[in-house]
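Report on the structure
Read off the chains here:
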Amino acid sequence: MDTMEKIVALAKRRGFIFQSSEIYGGYKGFWDYGPAGVELKKNIKNEWWKTMVYEREDVVGIDASIVMNPVVWEKSGHLAAFTDPLVECKVCHKRFREDQKDTHEHNDWTETKTFNLMTEILLGTTEPKELSYLRGEITQGVFVNFKNVVDSTRVKIPFGIAQVGKAFRNEVTPGNFTFRSREFEQMELEYFVKPNEKTSKKVFEDFKETRMNWYKNLGMNIKKLHFADHTPDKIAHYAKYATDIEYEAPFGWNEMEGIHHRGDYDLKSHDLKYKDNITNEEYTPWVIETSGGVDRATLFFLIDSYTETPEGRVVLKLNPKLAPYKIAVFPLLGNKPELTAKAREVYQDLKKSFVVTWDDRGNIGKRYAAQDEIGTPWCVTVDFDSLKDKSVTVRDRDTGRQERIAIDKLQEYFEKRLK
Ligand code: GAP
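From a predicted model like this one, the values you see are computed outputs, not experimental measurements.

Quick notes on the rules
Residues numbered from 1 in each chain as written. Predicted model: local features only at pLDDT ≥ 70, side-chain atom pairs only at ≥ 80, totals over all residues. Heavy atoms only, no water. Helix = DSSP H or I, 4+ residues; strand = E, 2+ residues; numbered from the N terminus. Buried < 20%, exposed > 50% of the residue type's maximum accessible area, 1.4 Å probe, protein only. Contact = heavy atoms within 4.5 Å. Areas by Shrake-Rupley, 256 points an atom, 1.4 Å probe, with all protein chains shown as cover. Lys, Arg positive; Asp, Glu negative; His and termini not counted. Charge placed at Lys NZ, Arg CZ, Asp CG, Glu CD. Pairing = 2+ DSSP bridges. Axes fitted to C-alpha atoms, helices over the stretch in contact; angles between N-to-C directions.

1. Examining the overall build of the protein
Of regular secondary structure, the protein possesses 13 helices and 23 strands. Dimensions of the protein along its principal axes, counting C-alpha atoms only, are 70 × 65 × 50 Å. The burial tally for the protein puts 50% of its 419 residues in the buried class. Considering only contacts within the protein whose residues lie at least 6 apart along the sequence, 64% involve residues at least 24 apart. Looking at the protein as shown, the accessible area adds up to about 20,900 Å², and 49% of this sits on carbon and sulfur atoms. Between the centroid of the 64 positive side chains of the protein and the centroid of its 67 negative side chains there is a distance of 4 Å.

2. Some thoughts on the sheet that holds strand β12 (residues 241–249)
Ordered in space as β3-β9-β10-β16-β13-β12-β11, the seven strands form an open sheet in which the pairing is mixed. Every other strand in the sheet has two partners, leaving β3 (59–61) and β11 (225–229) as the edge strands with one partner each. With strand direction ignored, the average angle separating the axes of adjacent strands in the sheet is 25°. Of the pairings in the sheet, the one linking strand β10 (residues 183–193) to strand β16 (residues 286–293) comprises eight bridges and is antiparallel in character. Its bridge partner lying in β16, Phe-192 is registered against Val-287. Against the sheet, helix α2 (residues 35–54) touches β3, β9 (159–168), β10 and β16, its axis set at about 160° to β9. This element, helix α7 (residues 197–217), spans β10, β11, β12, β13 (252–263) and β16 of the sheet and lies at about 150° to β13.

Structure (structure tokens):
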């Protein structure tokens, strides 16, 4: 099995990611997150919100609707310009993005055509139904609420509006597991600044650093991360200039997050301005955007943390902040009621402060192996000595080291390690 096949198999085996509608053969470009996956994804989003909203003084959040008045997409340029170049194979009539031609066995292509990525939906009960769209980027929900946020809060330029949510694209060739999906989540900051080439460039550069550091601080391998500037043929219709943070996956270097200088494109399109209350100056702010893919970050954190021991055991070395479960609690033996009762007490107690899982099946070695594959940083075992000395064994995922810790010190022990 190659690395991607191993990751896909692990994701299914341990409840990270399943095919959507799997019992009916799946559905191309759509994925479901299982019990471990939903926790990992939530932790990624929470860490993002912490860094980009809570730890800053100049950012507020919103949660806009997925379906918006279709006029938004006309004004934003998405109906006209949110397209991918598409070619069709003359031999088998399959369609591909132009940049994926070399992945195909035949080499006889039609002329390039543009293909709009917006997902159409029909609303209403009377015919003809109203044509509308699932949002192709979460961003427009921020711009159309620009005035609402300015009027209802105390923000002053420069400031940012953050949002995390689902976006939909009718991708021509979904693939590479969740990497290119038709439904996915984005985590974005739109940062509004006074128009100025030099100062906005500085804000752009600062956000490049902030975002790169965020991935590094959560443990992503520095050697597998780099910036890739957008070339004129790749740049989106709304951007003045842009850079991607790319990750080196087993299927090559690929975009994980885009940092875009959107200039005044969007606010001007929606005819929105900002008035400085002190100077009475009115202008169209410029926008610096950081736009990360939650599913891509989830996939790349999974790939990046995947390790195999020389004996072939899989250990997911996720940063404890991202790990789906921080702690697993076991009774040494599942069929001894006195051990199980004590272990459940420890489990219930830790659950008040941490995300904790429980296992009493099979032998302890198998339980460790299962938790290693999920990436649980610590396993707590309640044994016969625990009943007497009120201590438990804490085993560390990465070192395999075991320590004896008093039950009433466990809370402090884990809090310190999760800081
Ligand atoms: N608002 C700007 C914007 O949407 P983008 O570069 O088109 O910019 C931002 O998308 C991020 O969204 C990408 O870097 C990627 O992580 C994620 N993304 C885009 N298309 C995706 C897809 N089809 N499947 C999964 N993630 C996707």
